[in-house]
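# Fold and geometry: a report
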Amino acid sequence: MAYEMILLERRGGVALITLNRPKVLNALSHQTMTEMAAATAEIDADDTIGCVVLTGNDKAFAAGADIKEMIELGFVDAYFGDHLALWDRVAACRKPMIAAVAGYALGGGCELAMMCDFILAADNARFGQPEVAIGTMPGMGGSQRLARFVGKSKAMEMCLTGRQMDAAEAERAGLVSRVLPLAELLPEALRTAEKIASLSRPAVMLIKEAVDRAFDTPLDVGIRFERRVFHATFATEDRKEGMTAFVEKRPPVFCHR
Ligand code: HXC
């Protein structure tokens, strides 16, 4: 598929997706959503890719869903068209996805960042769910995922008032894993993604599944799931290679099988 709203580049084992509507601060249009869902499917089907970085530009990761596109939308059209459902395919990407956020990550932009497995933020990043100020509410998972990331009190306050968090607060609150100087954001995100892509792909994908289980199962069910997938790693060549390499005091050579 040819992409217009995003750029998709392959850099070794890493796919770099850049949201590419700089004039409107990467407002997320219906076409952006369609292209993101297609890119996710392409990446999942590509055996050479081990990790994804999703980024915007220095001023905006994304300033939300495209407000101009939504003005005329009615309930029945939104409901019948299952408006926004394609984002679920992005959230369901099976390869690890890192959000590299600089500038505004507001509304759908914050929600898109939270669909990723973790967020690295530049020191100028700003996160918020300002939908209430335009008479609506989060619709791409924000009310659910923000509460899971930062807890009820801060999520409620942010969604009810639209207040933005800066990068330092977002790190304190656990929304982002690390804050970096702006110039270091993309290089460090790519280095981190290369590291993940170099590791055993079955292990990496199983770990992603297991950590995600922590958010939608009771603890005992999650622990049992973890144990079973841990056992499953003993069926991989990479597990044997990893442990053998440790004992032989050499770097492992993973075949991703
Ligand atoms: C459409 C947008 C946009 C958006 C910015 N633009 N955000 N267009 N949808 N979400 C456009 C502006 O209209 C403007 O276009 C250009 O981008 C530059 O924006 P400015 O406002 O001039 O920039 P600035 O003064 O620097 O202010 C930055 C900003 C502001 C504070 C981020 O743009 C802003 O408040 N944006 C809206 C944020 C928001 O409410 N997001 C939530 C959307 S609802 P022109 O053509 O005038 O130059 C949402 C729901 C998600 O996300 C869940 C369900 C879909």
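Just above, that's the structure.
What you see is a predicted model, and the numbers here were worked out from it, not measured in a lab.

## Quick word on the site of the ligand
Taken together, 23 residues are adjacent to the ligand, and Lys-59, Ala-63, Ala-65, Ile-67 and Gly-108 come closest. At 3.1 Å from an oxygen atom of the ligand is found a side-chain nitrogen or oxygen belonging to Lys-68. One of the backbone N or O atoms of Gly-108 is found 2.8 Å from an oxygen atom in the ligand. Contributions of two or more residues to the shell around the ligand are made by α2 (67-70), β6 (104-106) and α5 (108-115). Take the shell around the ligand: its biggest share by element is 3 residues, from α2.

## Things to note about the packing of aromatic side chains
Summed over the entire model, instances satisfying the criterion amount to 3 aromatic pairs. Both rings, one in Tyr-79 and one in Phe-80, keep their centres 6.1 Å apart while their planes meet at 40 degrees; by these two values the pair is tilted. Looking at Tyr-79, the relative accessible area reads 56%, which means it is exposed. Phe-80 sits in the exposed class, given a relative accessible area of 69%. When the centroid spacing of 5.2 Å and the interplanar angle of 75 degrees are considered together, the rings of Phe-230 and Phe-234 count as edge-to-face. Exposure remark for Phe-234: the relative accessible area of 39% places this residue in the partly exposed category. In this structure an aromatic cluster arises from ring pairing among Phe-75, Tyr-79 and Phe-80. Its guanidinium or amino end placed over the ring of Phe-225, Arg-213 lies 4.0 Å from that ring's centre, counting from NZ or CZ.

Rules used throughout
Residues numbered from 1 in each chain as written. Predicted model: local features only at pLDDT ≥ 70, side-chain atom pairs only at ≥ 80, totals over all residues. Heavy atoms only, no water. Near = heavy atom within 4 Å. Polar contact = N/O pair within 3.5 Å; in protein donor to acceptor, adjacent residues only side chain to side chain. Helix = DSSP H or I, 4+ residues; strand = E, 2+ residues; numbered from the N terminus. Phe/Tyr/Trp six-rings, centres within 6.5 Å; stacked < 30°, edge-to-face > 60°. Buried < 20%, exposed > 50% of the residue type's maximum accessible area, 1.4 Å probe, protein only. Lys NZ or Arg CZ within 6 Å of the ring centre and 35° of its normal.

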